[in-house]
Amino acid sequence: MGGDALSGIGTTAPLAQAAVLCASLCYAVAPIWGQRFSGLPAIVTAAGAMSCAAVLMLPAAAVLEQPWTLAPTAQAIAAVIALAVICTAFAMVIYFRLIHTLGPLGTTSGSYLRAGFAVALGTAWLGERFSWSSLAGMALILAGVVAVTVPAPARTGKTATGAPSRN
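Residues numbered from 1 in each chain as written. Predicted model: local features only at pLDDT ≥ 70, side-chain atom pairs only at ≥ 80, totals over all residues. Heavy atoms only, no water.

### Considerations on the overall build of the protein chain
- Counting secondary structure elements, the protein chain contains five helices and zero strands.
- Across the 167 residues that make up the protein chain, the buried fraction comes to 12%.
- Sequence-distant contacts in the protein chain: of pairs separated by 6 or more residues, those separated by 24 or more amount to 62%.
- For the protein chain, the accessible area works out to roughly 12,900 Å², and carbon and sulfur atoms hold 72% of it. (Helix = DSSP H or I, 4+ residues; strand = E, 2+ residues; numbered from the N terminus. Buried < 20%, exposed > 50% of the residue type's maximum accessible area, 1.4 Å probe, protein only. Contact = heavy atoms within 4.5 Å. Areas by Shrake-Rupley, 256 points an atom, 1.4 Å probe, with all protein chains shown as cover.)

Shown next, in the form of structure tokens:
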């Protein structure tokens, strides 16, 4: 969002923009908060997170969607079950396992690579145009991910001249 975003003041656009910013903030804070639970098995943390989300969302879903009035097809029910089990529950277990093993920074840094994969897949299968600015952006993203995930070299206790330090 740039300066042009302010032209929508007085419409619903600022609310949508605020929602995007809040979602980004939550996405950034979640792995740091999730690290508090790294002593628990990933499946327990994922089950707790999904249970809390369900408790928070059920009242809103009941009021807004009125599920008792719906008549979903068997295909729709199968799709919801597949999304719930594979794309949510299984993914949450992997996510909390990664937080435990890689830490919050290592876990989230891989997410930045999605942009590059999206551009590559769009170019390969959707016929989207590839530009040099896209390549430069992907290179910068990759450099940033490498910079934050590759461990710094261990200190040897020697000064720049190779002499032992006197600490």
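We are not done yet, so read on.
### Details of unusual backbone geometry
- A positive phi is found at Gln-66, a non-glycine position, where the angle reads about 45°.
- Note that Gln-66 resides in the loop between helix H2 (42–65) and helix H3 (74–109).

### Quick word on the nonpolar core
- With five residues, the main nonpolar core is built from Ala-42, Ala-46, Met-92, Phe-96 and Ile-99.
- Elements with a minimum of two residues in this core: H2 and H3.
- Looking at which element gives the most residues to this core, the answer is H3, with three residues.
- With near-sequence residues (within four places) excluded, Met-92 lies in contact with Ala-46, Ala-49 and Met-50. (Core = buried A, V, L, I, M, F, W, Y, C linked by side-chain atoms within 4.5 Å.)

### Examining a nonpolar patch on the surface
- Together, Leu-25, Val-29, Trp-33, Phe-37, Leu-40, Ile-43 and Val-44 make up an exposed nonpolar region whose accessible area comes to about 670 Å².
- Broken down by secondary-structure element, the contributors of at least two residues to the nonpolar patch are helix H1 (13–34) and H2.
- Within the secondary structure, Trp-33 is located in helix H1.
- Exposure remark for Trp-33: the relative accessible area of 48% places this residue in the partly exposed category. (Patch = residues over 30% accessible without salt bridge, like charges linked within 9 Å, V, L, I, M, F, W, Y side chains within 5 Å. Salt bridge = Lys/Arg side-chain N within 4 Å of Asp/Glu carboxyl O.)

### A few points about the side chain of Thr-107
- Secondary-structure assignment places Thr-107 in helix H3.
- Separated by 3.1 Å, the side chain of Thr-107 and the backbone oxygen of Leu-98 make a polar contact.
- For Thr-107, the residues in contact, after removing those within four places along its chain, are Tyr-95, Leu-98, Ile-99 and Leu-102. (Polar contact = N/O pair within 3.5 Å; in protein donor to acceptor, adjacent residues only side chain to side chain.)

### What to know about H1
- Between the first and last C-alpha of H1 there are 31 Å, a value that for 22 residues agrees with the 32 Å anticipated at 1.5 Å per step.
- At Ala-28, H1 is deflected by roughly 25°, the largest bend along its length, and proline Pro-31 occurs up to four residues later in sequence. (Expected span 1.5 Å × (residues − 1). Bend = angle between axes of the 7 residues up to and from the residue.)

### Details of the confidence of the model for the protein chain
- Confidence along the protein chain averages 84 in pLDDT terms, with 85% of residues attaining 70 or more.
- Ranking the elements of the protein chain by mean pLDDT puts H1 last with 85 and H2 first with 92. (pLDDT = per-residue confidence, 0-100.)

### Digging into the packing of H1 against H3
- Contact geometry for H1 and H3: axes closest at 9 Å, N-to-C directions at 125°. Of the possible angle classes, the one that applies to H1 and H3 is oblique. For the pair H1 and H3, the sense of crossing is left-handed. Taking contact as the criterion, the partners of Ala-30, Pro-31, Ile-32 and Gly-34 in H1 are, on H3, Tyr-95, Phe-96, Ile-99, Pro-104 and Thr-108. (Axes fitted to C-alpha atoms, helices over the stretch in contact; angles between N-to-C directions. Parallel < 35°, antiparallel > 145°, perpendicular 65-115°, else oblique. Left-handed = near helix turned anticlockwise from the far one by under 90°.)

### Regarding the packing of aromatic side chains
- In the structure shown here, the tally under the stated rule is one aromatic pair.
- Here Tyr-95 and Phe-96 contribute two aromatic rings whose centre-to-centre distance is 5.3 Å and whose plane-to-plane angle is 75°, an arrangement assigned as edge-to-face.
- Since its relative accessible area comes to 24%, Tyr-95 is described here as partly exposed. (Phe/Tyr/Trp six-rings, centres within 6.5 Å; stacked < 30°, edge-to-face > 60°.)

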